[in-house]
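Residue-level structural notes
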Amino acid sequence: MSKQYETVIGLEVHVELATRTKIFCGCSTAFGGAPNTHTCPVCTGMPGSLPVLNKKVVDYALRVGLAANCKINQLCKFDRKNYFYPDNPQNYQISQLYLPICHDGYVEIDTAAGKKKIGIHEIHMEEDAGKLIHDEWEDCSLVDYNRSGVPLIEIVSEPDMRSAEEVIAYLEKLRMMIQYLGASDCKLQEGSMRADVNLSVREVGSEKFGTRTEMKNLNSFKAIGRAIEGERARQIELIEEGKAVVQETRRWDDNKEYSYAMRSKEDAKDYRYFPDPDLPPVHISDEWIDRIVKSMPEFQPEKQARYVEQYGLPQYDAGILTGSKKLSDLFEETTALCGKPKKVANWLMGETLRLLKENGQEPEDLQFSPKHLASLIELAEAGSVNNQVAKEVAAGKKYILFPEGGYRFNNKNKVCDFKAGSFKIALKSHAPIVPIALMVRIHHVSSLLWQVFRTGLHSVNFSCLVHQINGMLHERITLFFRIALRMICFCPHSRNHIWCTMQIQIGRASCRERV
């Protein structure tokens, strides 16, 4: 390759806002519901339905815009973006083109060459579309409208990025800022943060932009990095062969590390925007802006400096802990309980981050509470358990069970017996935490039932037995036990098989009940 090329990248980042209801109706925004259960005439585009703006959406958009150093349009309005697609029931999307809520801002990132400002062209509010599920076996596509009408902000950057590293740094900074604001959880795997990459290449030194393409279907930072490198190489290869780069939308296949053309890339005129006649303009008062400015949280740079000064942590440790809001909240709450900031930092940065990496999880996926972590640290500090056992507990391989009177472990680090008193569980990180009270109840039920299976049902008062079980376990397991006991009456030769099945159900019961 004789010529030197420069990559020019701009991003369109869609962020689902953390409201309980949709942007223009009262339907739930909860993730994971059964298909088409969070819908109503408004979000399914029924004739005659009228949208009503959710004020919390405006509030979150203002917070993100102010944090991104944007100017605020105190009079903004909504427009209709017209296009036809099965997941768009209205045949238009309510968005903002002419007067977006925020514009002309920037986000500062750290690069190898130092600090760099990435311009924000605009931030606008809009509604999300539904979701298409393609069934290859039945050769058909199904539509789930639960996501239709979920509130979004779209953050449109200037074409200021020149490498995949800068793109990742920008997205990480943006995600951390939005999470600190509480505006969204920004989970890429659940689609609450999605990035479309607009990329072109040009000769080094040229002022003219090349023909850009847009890449979709990017659901992780690693996929975004690979997609950028792949598209850059594809465009350079076309230019070197004397072919033209076509302005189009492409779909990135991360498994094959290759992009496919989806459709020609539209311009704004193709969508025939016009002001939405059903929604009045939004007026944002000075008092509203001032109230938001005063309620802004402590962001990562300020929090990192405070951790160094208040807790005596090294700059590096403070940077890691404050890199995630979930991690920083867990650190502060655990430290408040046990008063050992350096020990808490070591546990979070060592064992916790290692487990997250092994399981391909984010800090937001952590299941244990500050109380559980503080209890585990105190046990390890007191010498009640050694560090190896404590790590196995953190990894979910062992439970630590203890009555108020003391600890009873056998040589395999398991509880020898159950004594009367208040039982607690110290920690179990990567599975539902099991209340020890439930484990004690299951232990008693197991012993009781084993006596029944050994001697036969005739030796036990059935009604009394069921009453005892009712008081110990939840209804689903109780029903199973009743059926099993009746089966023993008619099939005494099947006792062993039924007992094994019930042992499995006992194990499942411990995973169904949570604290």
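Report follows, based on the coordinates. The shown structure was predicted, so the numbers you read here are calculated from the model rather than taken from an experiment.

The contact between helix α5 (residues 300–311) and helix α7 (residues 325–338) brings their axes to 13 Å, and the two run at 25°. With respect to their mutual orientation, α5 and α7 come out roughly parallel. As for the relative orientation of α5 and α7, their crossing is left-handed in sense. Where α5 abuts α7, its residues K303, R306, Y307 and Y311 lie against S328, F331, E332 and T335. A per-class count over the contact of α5 with α7 returns three nonpolar, two polar and three charged.

Let us now look at the sheet that holds strand β7 (residues 114–127). Taking strand neighbours across the sheet as the criterion, the nine strands line up as β2-β6-β7-β10-β1-β11-β12-β13-β14 in an open arrangement whose pairing is mixed. The open sheet has two edge strands, β2 (71–72) and β14 (258–264), and neither has a second partner. In the packing of helix α2 (residues 164–181) onto the sheet, contacts are made with β1 (5–16), β6 (102–111), β7, β10 (151–157) and β11 (193–203), and the angle to β6 comes to roughly 115°.

The element β1 is extensively covered by neighbouring structure, given that 11 of its 12 residues are classed as buried. Where β1 lies against β11, 11 bridges are found, and the strand directions are antiparallel. Each bridged residue has a counterpart across the sheet, and for V15 the counterpart in β11 is M193. When β1 meets β10, the two strands line up antiparallel, connected through five bridges. In the strand pairing of β10, H14 is matched with E154.

In any sheet, the strands associate via hydrogen bonds between backbone groups, in a parallel or an antiparallel arrangement. Here we have three strands laid out as an open sheet, ordered β5-β4-β15, and antiparallel in their pairing. Strands with a single pairing partner mark the edges of an open sheet, and in this sheet they are β5 (92–95) and β15 (274–275). As paired strands, strand β4 (residues 79–82) and β15 are joined by two bridges and run antiparallel to one another. Bridging from a neighbouring strand, D79 pairs with P275 of β15.

For the structure shown, the criterion picks out 24 salt bridges. With a shortest N-O distance of 2.9 Å, K325 and D329 are connected by a salt bridge. Of the two residues, K325 and D329 both sit in helix α7, four residues apart, roughly one turn of that helix. The class of D329 is partly exposed, set by a relative accessible area of 27%. Here the residues in one salt-bridge network are E16, D128, R147 and R194, joined through shared partners.

Moving on: the environment of M193. The residue M193 is located in strand β11 in this model. A relative accessible area of 3% means that M193 is categorised as buried. The residues contacting M193, other than those within four sequence positions of it, are V13, H14, V15, L171, R175, C186, K187 and L188.

Okay, unusual backbone geometry next. If you check the backbone angles, N91 has positive phi at about 65° while not being a glycine. Looking at the secondary structure, you find N91 in the loop between β4 and β5. By relative accessible area, N91 is classed as partly exposed at 33%. Backbone geometry places E257, a non-glycine residue, at a positive phi of 50°. Looking at the element boundaries, E257 is found in the loop between β13 (248–253) and β14.

Another point: the nonpolar core. By size, the foremost hydrophobic cluster in this structure holds 73 residues, and its most contacted members are V13, I155, Y170, L171, I224 and I284. In terms of residue count, α2 provides more of this core than any other element does, 12 residues in total. Leave out the neighbours within four places in its chain, and V13 touches I153, E154, I155, Y170, L171, L174, M193, R194 and A195. If you look at the next biggest cluster of nonpolar residues, it comprises 21 residues, including Y307, A318, C338 and M349.

This brings us to the packing of aromatic side chains. This model, assessed by the stated rule, comprises seven aromatic pairs. With centroids separated by 5.6 Å and ring planes inclined at 80°, the aromatic side chains of F24 and F78 adopt a geometry described as edge-to-face. One end of the pair, F24, is in the loop between β1 and α1 (55–67); the other, F78, is in the loop between β3 (75–76) and β4, and 54 residues separate them in sequence. Residue class for F78 comes out buried when judged on its relative accessible area of 1%. Measuring from centroid to centroid gives 5.1 Å for Y311 and F331, while their planes differ by 85°, and the two rings are edge-to-face. Of this pair, Y311 sits in helix α5 while F331 sits in helix α7, and the two are 20 residues apart along the sequence.

Criteria and thresholds
- Residues numbered from 1 in each chain as written.
- Predicted model: local features only at pLDDT ≥ 70, side-chain atom pairs only at ≥ 80, totals over all residues.
- Heavy atoms only, no water.
- Axes fitted to C-alpha atoms, helices over the stretch in contact; angles between N-to-C directions.
- Helix = DSSP H or I, 4+ residues; strand = E, 2+ residues; numbered from the N terminus.
- Parallel < 35°, antiparallel > 145°, perpendicular 65-115°, else oblique.
- Left-handed = near helix turned anticlockwise from the far one by under 90°.
- Contact = heavy atoms within 4.5 Å.
- Nonpolar A, V, L, I, M, F, W, Y, C, P; charged D, E, K, R; others polar.
- Pairing = 2+ DSSP bridges.
- Buried < 20%, exposed > 50% of the residue type's maximum accessible area, 1.4 Å probe, protein only.
- Salt bridge = Lys/Arg side-chain N within 4 Å of Asp/Glu carboxyl O.
- Core = buried A, V, L, I, M, F, W, Y, C linked by side-chain atoms within 4.5 Å.
- Phe/Tyr/Trp six-rings, centres within 6.5 Å; stacked < 30°, edge-to-face > 60°.

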